[in-house]
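Chain and residue survey
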Amino acid sequence: MALTGLQIFKLMPKTNCKECGHPTCLAFSMALASSKIALDACPHVSDEAKESLGAASLPPVLKVTLGASDKARAMGEEVVLFRHDKKFYNPACIAITISDDLSDDEFDKKLAVLNDLDFERVGEKVSIDAIALVQKSGNADTFAAKAKKVSENGKFAPILMSCCVESLTKAVEATKSARPLIHAATEENWEALANLAKANDCPLVVSGCDLDAVAALSEKVSAVTKNIVLEVCGDSIAQKLSGLTQIRRQAIRKKFRPFGFPSIVSVNAKSAVSQVAEASTYVSKYASIVVVDCFEKAQILPLCALRQNLFSDPQKPAQVVPGVFPIGAADENSPVYCTTNFSLTYYTVEGELSASKIPAWILAAPTDGTSVLTAWAAGKFNGEKIAQFMEEINMNDKFKHRNITIPGYVAILKAPLEEKSGWKVKVGPNEAAGLPAYAKANNV
Ligand code: SF4
């Protein structure tokens, strides 16, 4: 049973020293009760209090790590239901299935395709996270041999999916250094698989026909190992979404310990488009791992983009370092395009200018990572501020010309920027998509 803020407060030092970042011990206690801070943020709490507060100080959703070394992915540790309340910490993992009954040649080819599912988006690397090996062969040795291939040749963490204890035991033996996720403990096999997971320090999926069964099994398995991932099953998307939401809500709002673990869900839709749509639902709420069958880049990139947007910090806009940056073989005679330092805006402009194959420069003005119109409305992107920044970075010394193009949406800045900077200002298209045609037509 979770402790209230007042119950926690009774055990605190009550010196109000503020070292935890809270003005009083009471404020700290309230934050601890709502899982917004960890107990170790207070350096003065006594050992006796630590013991009493053990459960209260645990995060509502325990951290579980899938995979090892550079393939490791942390899951769980979430403390809020809604991103705008604080932020989400560990992004949902995307896992793609591969079947163990493929021929060696087909298996190697598909593994190579999965290994290639990584992308660069708005300056960050994004990729899938795991390869889910599904046993269809019915043969324990085949499953173990394919698991070894996934572990040794795959770029992502392995998930071993089988209902056979013997097959899973052999596959874990062949891959244990990669810390595969074992899928899945059921009412029938949980003791054997919990011991297997504990002995090899691997995470284990706990599966049941409904949430009551998952909760009951989670309690039993957690007495052996806390490296648990809860599986949400269902016949429909609505049923699975409801299951994922219940688990997260009960863990965070009610501190219901059997649900205080990351979750996994599989996509059942048949067509690739439906798979992506269904997976997007679970990435949004609240899966820690989403298992899908589709593996084309055009299908996976939108999922990765959605996840990247959701799992950013809403209080910190994604931004690039302000400055002037070359595109292609740009030199001191190449045209200059002005925009803001909001990552999405910058990389959209960068992508369009790169596609035009015309060497150019992008001036990313400092606007605290806000977009063009937002920055203009907030007074962060105006003639005076842009001109001031141009002076700070010595634009006059860097270029032999004095021409700069601004976004069409802020054409109003033309006169003030010309006046303050002494540069000739051209008004470009409203949208970055118009830049290649604009660059060619204007020969800027
Ligand atoms: Fe109280 Fe500890 Fe915070 Fe100091 S650091 S104010 S003792 S909770």
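In what follows, the accompanying structure is described. (Residues numbered from 1 in each chain as written. Predicted model: local features only at pLDDT ≥ 70, side-chain atom pairs only at ≥ 80, totals over all residues. Heavy atoms only, no water.)

Attention now goes to the site of the ligand. Inspection of the region around the ligand gives M12, P13, T15, N16, C17, K18, E19, C20, C25, F28, C42 and P43 as its neighbouring residues. At a threshold of 2 Å from the grid points, most atoms of the ligand map onto the second largest cavity. In terms of residue class, the shell around the ligand is built from 8 nonpolar, 2 polar and 2 charged. (Near = heavy atom within 4 Å. 1 Å grid on protein atoms, 1.4 Å probe; cavity = no way out; pocket = protein on both sides within 12 Å on 5 of 7 lines; lining within 4 Å. Sits in = over half its atoms within 2 Å of the grid points. Nonpolar A, V, L, I, M, F, W, Y, C, P; charged D, E, K, R; others polar.)

Looking now at helix α5 (residues 104–115). Counted at 1.5 Å a residue, the expected span for α5 with its 12 residues is 16 Å, and the 16 Å between its end C-alpha atoms agrees. If you check which residues of α5 are buried, you get F107, K110, L111, L114 and N115. Down the axis of α5, the smallest arc covering the buried residues is 140°, so these residues share one side. Structurally, α5 contributes buried residues whose contacts are with β3 (93–99), β6 (130–134) and α6 (140–153). (Helix = DSSP H or I, 4+ residues; strand = E, 2+ residues; numbered from the N terminus. Expected span 1.5 Å × (residues − 1). Buried < 20%, exposed > 50% of the residue type's maximum accessible area, 1.4 Å probe, protein only. Arc of directions from axis to C-beta. Contact = heavy atoms within 4.5 Å.)

Inspection of every chain in the model, using the stated rule, returns 3 cavities of 30 Å³ or more. Taken as a whole, the largest cavity holds about 110 Å³ of empty space. In terms of lining, the largest cavity is formed by 16 residues, of which the most central are N90, R248, Y286, A287 and F311. The class makeup of the residues in the lining of the largest cavity is 9 nonpolar, 4 polar and 3 charged. As a volume, the second largest cavity reaches approximately 90 Å³. Lining the second largest cavity are 15 residues, with T15, C17, C20, C25 and C42 positioned closest to its centre. When its residues are assigned to classes, the lining of the second largest cavity shows 8 nonpolar, 5 polar and 2 charged. (Points joined across faces, edges and corners; volume = space filled by probe spheres on them.)

In short, geometric facts, not functional conclusions.
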